[in-house]
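Coordinate inspection notes
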Amino acid sequence: MGEIVKKNNLLDNAIRKIKDFPKEGILFYDITSILQKPEAFSYCIDEMVKTYENTGMNAVACIEARGFLFAAPFALRMGLPLILIRKKGKLPGKTIEKRFVLEYGEDVIQIHRDDIHSGDKIVVVDDLIATGGTVKASLELLNEAGAKAVDVICVIGLPFLRYNELLADYNVQTLIEYDRE
Ligand code: AMP
């Protein structure tokens, strides 16, 4: 089962691994079990704050839906505004959107236009980075809206899915990484 390549015992013990979910052959890394352990949850936020304090970020952005859980306490601790990146049709104000290709089919993400200010340095937060496709579309959306989003921090990374190649132009940080079994 998923060998740890960037080790972190506290987090590894808090992440439930579920075989063949949502379909056969996928090892699912469940972050709901981190939320059940306040010590592990607060560790994640502390590490994110340590990584980004005094780096001059102007905002935090996060990806629906599990990214919200980590980004909200992180943004509060940083004293920064929080930008929600949502699936099409969920945000009530004027939006900017990006269409992107998934393994099967395509998807559209949106942000509120007024949340972005020209030149803003934004760090994007998500729970897990696999192929990096969703994160890349998010970074491109923020940059097309006028920001300078070049940083990403995720709790879990799966580098064998090669997100580092897709996101070679960006600075990607993770708290724990797993290799193929
Ligand atoms: P990706 O665009 O391939 O980086 O993955 C998009 C999202 O799918 C991630 O942010 C996760 O929420 C979810 N995801 C993909 N693979 C897994 C996995 N093995 N376990 C848990 N969540 C996953």
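Residues numbered from 1 in each chain as written. Predicted model: local features only at pLDDT ≥ 70, side-chain atom pairs only at ≥ 80, totals over all residues. Heavy atoms only, no water.

1. Describing the pairing of strand β7 (residues 106-112)
The element β7 is largely enclosed, with a buried count of five among its seven residues. Across two bridges, the pairing between strand β5 (residues 82-87) and β7 is antiparallel. Note on β7: the bridge partner recorded for R86 is Q110. Of the pairings in the sheet, the one linking strand β6 (residues 95-101) to β7 comprises seven bridges and is antiparallel in character. Pairing of F100 across the sheet is with D107, part of β7. (Buried < 20%, exposed > 50% of the residue type's maximum accessible area, 1.4 Å probe, protein only. Helix = DSSP H or I, 4+ residues; strand = E, 2+ residues; numbered from the N terminus. Pairing = 2+ DSSP bridges.)

2. A word on helix α4 (residues 66-78)
Between its first and last C-alpha, α4 extends 19 Å over 13 residues, near the 18 Å set by a 1.5 Å rise per residue. Taken residue by residue, α4 has G67, F68, F70, A71, F74, A75 and M78 as its buried positions. The inward-facing, buried residues of α4 contact α2 (32-35), α3 (38-52), β4 (59-63), β5, β8 (121-129) and β9 (148-157). (Expected span 1.5 Å × (residues − 1). Contact = heavy atoms within 4.5 Å.)

3. Here we look at the site of the ligand
Neighbouring the ligand are 14 residues, the closest being L27, L128, T131, G132 and T134. The contact in question runs from an oxygen atom of the ligand to an N or O atom on the side chain of D126, over 3.0 Å. Between L128 and the ligand, the recorded distance is 2.8 Å, taken from a backbone N or O atom to an oxygen atom. If the ligand stood free it would expose 500 Å²; the protein chains cover 80% of that surface. Counting only elements with at least two residues in the shell around the ligand, the list comes to β3 (27-30), β8 and α5 (133-144). (Near = heavy atom within 4 Å. Polar contact = N/O pair within 3.5 Å; in protein donor to acceptor, adjacent residues only side chain to side chain. Areas by Shrake-Rupley, 256 points an atom, 1.4 Å probe, with all protein chains shown as cover.)

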